[in-house]
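# Geometric and topological summary
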Amino acid sequence: MELLRLSKAAKRLGVHPVTLRLWADSGKIPVTWVGRGRRFSSVDVEAMKVTAGGGDRARLEGLYVRVSGSTGQESSLEAQETELRATATGEVVRVFKDRSSGLREDRPGLNKLFQAVADGSVTVVRVTHEDRLARFGVGWLKRLFAVHGAAVEILHPKKTGGRQELLEDFISLVTTFAGRLYGMRSADARRRLLAESGQCPRAEDA
């Protein structure tokens, strides 16, 4: 029996290391820790190849990319998509895009992703970073996708924790709400200027 490193075991299985890491975390395959590194028994890997080859669903990847701004940032969307496509180990069936805050629940791209997972056309949801999918509540999204038999893979999992992660979440909240408040003030300013000039605001400005 040989103990394999994560990358080598993933290569034997024909999956991305992120996929194997998720399998280990969910108990789908046994893992042995050597220091801070994961090791996988060659026996377990071979057994997993038989199981995965015989009973798992087809690997139909749905790539989700998101930027916060409603305009611009096309290069960021393209960079996310390029990185996800380069690491794909299954069939990329569709790319879902949003230009919206990660705190917003009702996003067109995310809603389409939900539908694709529900109808079985996507069996693996992949994102570059966890906060691309959502700022908060990613655990709930994973459970929702799992109900339909779909897994979530994060190419670059969070390595921070505790106080650092809490600080990052706090900064995200402050930044998002500050942006919304600025937008509200801008709308109020436009209405005030229109009123002072004697013009009636249009319906979309009201």
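Please refer to the structure higher up on the page.
Here's a quick rundown of the structure. All values derive from a computational prediction rather than experimental measurement.

Scanning the protein chain from terminus to terminus reveals 8 helices and 7 strands. In the protein chain, which comprises 206 residues, the proportion classed as buried is 34%. The long-range fraction of contacts in the protein chain, counting pairs at least 24 apart against all pairs at least 6 apart in sequence, stands at 67%. Summed over all atoms, the accessible surface of the protein chain reaches about 12,500 Å², with 55% contributed by carbon and sulfur.

Glancing now at the pattern of salt bridges. All told, the structure shown has 11 salt bridges when counted by the stated rule. Across the pair Arg12 and Glu2 runs a salt bridge whose closest N-O atoms are separated by 3.4 Å. With Arg12 in helix H1 (residues 6-13) and Glu2 in the segment before strand E1 (3-5), this residue pair connects regions lying 10 residues apart in the sequence. Taking the shortest distance from any N to any O, the salt bridge between Arg126 and Glu153 comes out at 3.4 Å. A residue pair is termed long-range when its members are at least 10 positions apart, and Arg126 in strand E6 (residues 124-127) and Glu153 in strand E7 (residues 151-154) qualify at 27 residues.

What the 3 strands build is an open sheet, ordered E1-E3-E2; its pairing is antiparallel. Two strands close off the open sheet at either side, each with one partner strand: E1 and strand E2 (32-34). Neighbour-to-neighbour, the strand axes of this sheet turn through a mean angle of 45°, independent of strand direction.

Next up on the list: the packing of helix H5 (residues 108-118) against helix H7 (residues 138-147). The geometry of a pair of packed helices is captured by two quantities: the angle between their axes and the separation between those axes. At a minimum axis separation of 9 Å, H5 and H7 run at an interaxial angle of 35°. Seen along the crossing, H5 lies across H7 with a hand that is right-handed. Judged by residue contacts, Leu113, Phe114 and Val117 of H5 engage Leu141, Leu144 and Phe145 from H7.

Here we come to the nonpolar core. Core analysis: the largest hydrophobic core is formed by 17 residues, its most contacted members being Tyr64, Leu113, Val117, Val125, Leu133 and Phe145. The set of elements that each furnish at least two residues to this core consists of H5, E6, H7 and E7. Here the element with the most residues in this core is H5; it accounts for 4 residues. Formed by 13 residues, the second largest nonpolar core is a distinct cluster that contains Leu13, Ile29, Val45 and Met48.

What follows is about the packing of H1 against helix H2 (residues 17-25). Remark: H1 packs on H2, axes separated minimally by 9 Å, with the N-to-C direction vectors making an angle of 100°. Taken together, H1 and H2 sit at an angle that is classed as roughly perpendicular. Where H1 approaches H2, its residues Leu6, Ala9, Ala10 and Leu13 are matched on the opposing element by Pro17, Leu20, Arg21 and Trp23. A class-by-class count of the residues in the contact of H1 with H2 yields 7 nonpolar, no polar and 1 charged.

So, how was this worked out
- Residues numbered from 1 in each chain as written.
- Predicted model: local features only at pLDDT ≥ 70, side-chain atom pairs only at ≥ 80, totals over all residues.
- Heavy atoms only, no water.
- Helix = DSSP H or I, 4+ residues; strand = E, 2+ residues; numbered from the N terminus.
- Buried < 20%, exposed > 50% of the residue type's maximum accessible area, 1.4 Å probe, protein only.
- Contact = heavy atoms within 4.5 Å.
- Areas by Shrake-Rupley, 256 points an atom, 1.4 Å probe, with all protein chains shown as cover.
- Salt bridge = Lys/Arg side-chain N within 4 Å of Asp/Glu carboxyl O.
- Pairing = 2+ DSSP bridges.
- Axes fitted to C-alpha atoms, helices over the stretch in contact; angles between N-to-C directions.
- Left-handed = near helix turned anticlockwise from the far one by under 90°.
- Core = buried A, V, L, I, M, F, W, Y, C linked by side-chain atoms within 4.5 Å.
- Parallel < 35°, antiparallel > 145°, perpendicular 65-115°, else oblique.
- Nonpolar A, V, L, I, M, F, W, Y, C, P; charged D, E, K, R; others polar.

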